[in-house]
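As a plain string of letters, each chain reads:
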Protein chains: 2
Amino acid sequence: MLLKADKNNSITVAVDGNGGDRDALAGIGKAAKFALTLYPGMKLIVYGARRLEEDLARGQALGPRCEFRPAPVQIPQDESPRSVLSGYSQSSMRKAIECVREGEAQAVISAGGTGPLVVLSRHILGTIGRIRPALCAKIPAGPGRFSLMLDLGANARCTPEDLCCFARLGTAAGRVILGESEPACAVLNIGSELGKGNELVQGARELISSCKGLRCNGFTEADRLFTGDNDIIVTDGFTGNIALKSAEGVARVFFHGQGLKRYFAKLARPEWLMPWQYNGSLLLGVRGTVVKSHASARQEALAVAIVEAAKAVKAGLCQALEEDQLTRP
Amino acid sequence: MLLKADKNNSITVAVDGNGGDRDALAGIGKAAKFALTLYPGMKLIVYGARRLEEDLARGQALGPRCEFRPAPVQIPQDESPRSVLSGYSQSSMRKAIECVREGEAQAVISAGGTGPLVVLSRHILGTIGRIRPALCAKIPAGPGRFSLMLDLGANARCTPEDLCCFARLGTAAGRVILGESEPACAVLNIGSELGKGNELVQGARELISSCKGLRCNGFTEADRLFTGDNDIIVTDGFTGNIALKSAEGVARVFFHGQGLKRYFAKLARPEWLMPWQYNGSLLLGVRGTVVKSHASARQEALAVAIVEAAKAVKAGLCQALEEDQLTRP
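Residues numbered from 1 in each chain as written. Chains lettered and ligands numbered in written order. Predicted model: local features only at pLDDT ≥ 70, side-chain atom pairs only at ≥ 80, totals over all residues.

**With respect to the confidence of the model for chain A**
Here is step 1: Mean pLDDT for chain A: 88, with 88% of residues reaching 70 or above.
Here is step 2: In the predicted assembly, ipTM is 0.86 and pTM is 0.88. (pLDDT = per-residue confidence, 0-100.)

And the structure:
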């Protein structure tokens, strides 16, 4: 399995073309073209239903840098793990992940269901050590600044040990992605005082504080998520998903105002907060670069997520996580 | 204990003047004046440090409709339940709650810590049946429309039975506050499909679906909180707190843009989403009207919360909850 860019410094990203909402997928041709323009050293292999080939042609993406491979089957996003593993051998998601295992691509991106993507990635690529993989997003923290937040839905049930493990993953990823030598890490909680919250966050804070190589900032509250107070924000997948979706919901209310308000909102919105700029969550902890795109992501957002995948490969994210795991006490 | 307006149809609200952030409290005089103007049939009894009396005088609030009573002690917001119960007999929070128990006031409002407020209210006023009280907020759902969401932080650890109990409380409150005869109720989750989420929400959904007198809409996601899809949104206190605070955090980014953006944001913001309009969470399940104001609430927001308290008394909210509890199968 090739985890890094190949000898020619070319990076290939496998795209699960079937995942995501129907409307969103209509623009895959343009998204591919946009991504190829943004990242000149990149190639794409797109798996999906036949009509995607036409869309790729219409978007002027098909060519030496973008190959289409038919894989008509789409995995329903709420399919059970058992069914995901036993069936769907012709699904675009499975084929795209297998493409990474075979070393043809170094990264895979999908807008399909989180559950199936996590299950298949773990199964096909394997995990780094005994880690529970977690979804990690760049969240905006000011103009040109980001924090990393994990988990966002790969694990609806977590233990304090899981959260400590996420802190390790996030810190190692933060060094690579944020360029911080000692990323500051905090646990998402309903208050910043020591005694606040439930057993999960209490235990996680203790473990993270006493873990070598982690810089623990204690607790942080959800209204401080977008302020850059912390480089890494750690939470269970249930809470992380709720926090980000709630933020999205409010942002949408602003963007979709009526009449003049809509116009002013366009002028008012901080560019750095635009959702499409931070599409693409990394599934950290599996042995390969796996990116989950928002199911409703449109062209620009999908292109951004594809480029994120290539950048993660280029930066050697997976190797960094493996090395960190090897040095773990 | 008088739960309803007295014979003269006058409503008295006891105000814990010491709670909340220091900056926010500076405006209590103006807040009181504003509230008295908004609600002509209301009287206030303000407990707090001496300097509050001056502030009330400066705000032209002191007079026959607004009495000041010295109570210098403030309970730290992260004080342990044991210490809250055993000490602080001269605290403004305790005195204000006792004022409701004695029948002098019909409602109490505090911007102090959620923990102390819940512990003291339960202890002094008692609960309706064996209910675990929950904090319930009106959340904006469009121009002039609201949903009710609970719990928001009174219970960091919940069982499915607790969430079902919150659904009962919320539904009974929804009839009174929203004027809906059959409020539709949903459980906050990370997906709307049946199998999504953890044991807590799965169990809660089952209980609520099979509970007579409740209209269950299944699951709802956090990006649909402000759309009015549901009248009542039920969640544990940890998740509810995270969801609302995350939304606040994003809204703040918009409102506090730089330069011209700030100006456009003012023009763009939907009036119905302004945070100060929906300040004041009701602690449902205790035998009296208890309102929690945001710790950082300013004059207008504090006034709104005081008026909310009076309105809840006027509408007979507590009686409605007690009656619902009595008819419980």
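**Regarding the pairing of strand S6 (residues 146–150) of chain B**
All names here are of chain B.
Here is step 1: Here S6 lies mainly inside the structure; four of its five residues are buried.
Here is step 2: Two elements, strand S5 (residues 134–140) and S6, share five bridges in a ladder whose sense is antiparallel. Bridging from a neighbouring strand, Ala137 pairs with Met149 of S6.
Here is step 3: The hairpin turn running from S5 into S6, its antiparallel successor, is five residues long, and Gly142 in that turn takes a positive phi close to 130°.
Here is step 4: Relative to strand S9 (residues 232–234), S6 runs parallel, the two being bridged by three bridges. Bridging across to S9, Met149 finds its partner in Ile233. (Buried ≥ 20, exposed ≤ 12 C-beta atoms within 10 Å, placed from the backbone. Helix = DSSP H or I, 4+ residues; strand = E, 2+ residues; numbered from the N terminus. Pairing = 2+ DSSP bridges.)

**What about the relation of the copies chain B and chain A?**
Here is step 1: Overlay of chain B on chain A (RMSD 0.0 Å): rotation 180°, translation along the axis 0.0 Å. Taken together, these values place the two copies in the relation of a two-fold axis. (Least-squares fit on C-alpha atoms with pLDDT ≥ 70 in both.)

**Structural notes on the interface of chain B and chain A**
Buried accessible area, meaning the area lost when the parts come together, often serves as the stated size of an interface.
Here is step 1: Opposite the 41 residues of chain B that make contact, chain A presents 41 residues.
Here is step 2: Elements that contribute at least two residues to the side of chain B that touches chain A include exactly helix H9 (237–255) and helix H10 (259–268) of chain B.
Here is step 3: Residue contributions to the side of chain B that touches chain A peak at 15 residues, all from H9 of chain B.
Here is step 4: Residue classes in the side of chain B that touches chain A are distributed as 20 nonpolar, 10 polar and 11 charged. (Contact = placed C-beta atoms within 7 Å. Nonpolar A, V, L, I, M, F, W, Y, C, P; charged D, E, K, R; others polar.)

**Here's the deal with the sheet that holds strand S2 (residues 42–48) of chain A**
Residue and element names in this part refer to chain A.
Here is step 1: Read from one edge of the open sheet, 11 strands run S3-S2-S1-S4-S11-S10-S5-S6-S9-S7-S8, paired in mixed fashion. At either end of the open sheet lies a strand with only one pairing partner, and these are strand S3 (66–70) and strand S8 (215–220). Between one strand axis and the next, the sheet turns by 25° as a mean value, whatever way the strands run.
Here is step 2: As judged from the four bridges shared by strand S7 (residues 184–188) and S8, these two strands associate in the parallel manner. Each bridged residue has a counterpart across the sheet, and for Leu188 the counterpart in S8 is Thr220.
Here is step 3: Sheet strands touched by helix H6 (residues 114–125): strand S4 (107–110), strand S5 (134–140), strand S10 (281–284) and strand S11 (289–292). Its angle to S11, the strand with the most contacts, is close to 175°. (Axes fitted to C-alpha atoms, helices over the stretch in contact; angles between N-to-C directions.)

**Describing the environment of Leu163 of chain A**
Residue and element names in this part refer to chain A.
Here is step 1: With respect to the helices and strands, Leu163 occurs in helix H7 (residues 160–177).
Here is step 2: Judged by local crowding, Leu163 falls into the buried class, with 25 C-beta atoms found within 10 Å.
Here is step 3: Distance from Leu163 to Leu302, taken between C-alpha atoms, is 29 Å for residues 139 residues apart in sequence.
Here is step 4: When near neighbours in sequence (up to four residues on either side) are disregarded, Leu163 contacts Cys158, Val187, Leu200, Ala204, Val234 and Asp236.

**What about the packing of helix H2 (residues 28–38) of chain A against helix H3 (residues 50–58) of chain A?**
All names here are of chain A.
Here is step 1: Packing of H2 against H3 brings their axes to within 7 Å, and their N-to-C directions diverge by 50°. Taken together, H2 and H3 sit at an angle that is classed as oblique. Crossing of H2 against H3: the hand is right-handed. Between H2 and H3, the contacting residues are Ile28, Gly29 and Ala32 on the first element and Leu52, Asp55, Leu56 and Arg58 on the second. (Parallel < 35°, antiparallel > 145°, perpendicular 65-115°, else oblique. Left-handed = near helix turned anticlockwise from the far one by under 90°.)

**What to know about helix H5 (residues 92–101) of chain A**
Residue pairs spaced three or four apart in an α-helix point in one direction, given the helix's 3.6 residues per turn.
Residues and elements named next belong to chain A.
Here is step 1: With respect to burial, H5 is a largely interior element, eight of its 10 residues being buried.
Here is step 2: For H5, every residue scored as buried is listed here: Ser92, Met93, Arg94, Lys95, Ala96, Ile97, Cys99 and Val100.
Here is step 3: Along its buried surface, H5 packs onto strand S1 (11–16), S2, S3, S4 and H6.
Here is step 4: Positive backbone phi, at 85°, marks Gly103, one or two positions downstream of H5.

**Topic: the sheet that holds S9 of chain B**
All names here are of chain B.
Here is step 1: The strand order S3-S2-S1-S4-S11-S10-S5-S6-S9-S7-S8 describes an open sheet built from 11 strands, whose pairing is mixed. Edge positions in the sheet fall to strand S3 (66–70) and strand S8 (215–220), since each has one partner strand and no second. Averaged over all pairs of adjacent strands, the angle between their axes in this sheet comes to 25°, without regard to strand direction.
Here is step 2: Lying on the sheet, helix H3 (residues 50–58) is in contact with strand S2 (42–48) and S3; it crosses S3 at an angle near 165°.

**Describing the nonpolar core**
Here is step 1: In terms of nonpolar packing, the biggest core is built from 226 residues, with Val13 of chain A together with Val13 of chain B touching the most fellow members.
Here is step 2: The residues touching Val13 of chain A, leaving out its near neighbours within four places in the chain, are Met42, Leu44, Ala105, Ala107, Ile109, Ile306, Ala309 and Ala310 of chain A. (Core = buried A, V, L, I, M, F, W, Y, C linked by C-beta atoms within 7 Å.)

**Notes on unusual backbone geometry**
Here is step 1: A cis amide bond, omega 0°, links Leu150 of chain A with the succeeding residue Asp151 of chain A.
Here is step 2: As for its placement among the helices and strands, Asp151 of chain A is situated in the loop between strand S6 (146–150) and H7.
Here is step 3: You will see that Tyr88 of chain A, though not glycine, has its phi angle at about 60°, which is positive.
Here is step 4: Within the element layout of this structure, Tyr88 of chain A appears in the loop between helix H4 (81–86) and H5.
Here is step 5: Note on Tyr88 of chain A: 20 C-beta atoms within 10 Å, which makes it buried.
Here is step 6: Non-glycine residue Gln60 of chain B carries a positive phi angle of around 55°.
Here is step 7: Among the secondary structure elements, Gln60 of chain B is positioned in the loop between H3 and S3.
Here is step 8: Classification of Gln60 of chain B as partly exposed rests on a count of 13 C-beta atoms within 10 Å.

**Observations regarding the domain arrangement of chain A**
All names here are of chain A.
Here is step 1: Domain boundaries assigned for chain A yield domain 1 (1–131 + 285–329) and domain 2 (138–274).
Here is step 2: Between domain 1 and domain 2, the residue contacts involve 11 residues of the former and 11 residues of the latter.
Here is step 3: Residue assignment for the side of domain 1 that touches domain 2 shows that the elements contributing at least two residues are H6 and helix H12 (317–326).
Here is step 4: In terms of residue count, the dominant contributor to the side of domain 1 that touches domain 2 is H12 (four residues).
Here is step 5: Residue classes in the side of domain 1 that touches domain 2 are distributed as seven nonpolar, three polar and one charged. (Domains from an automatic or database assignment.)

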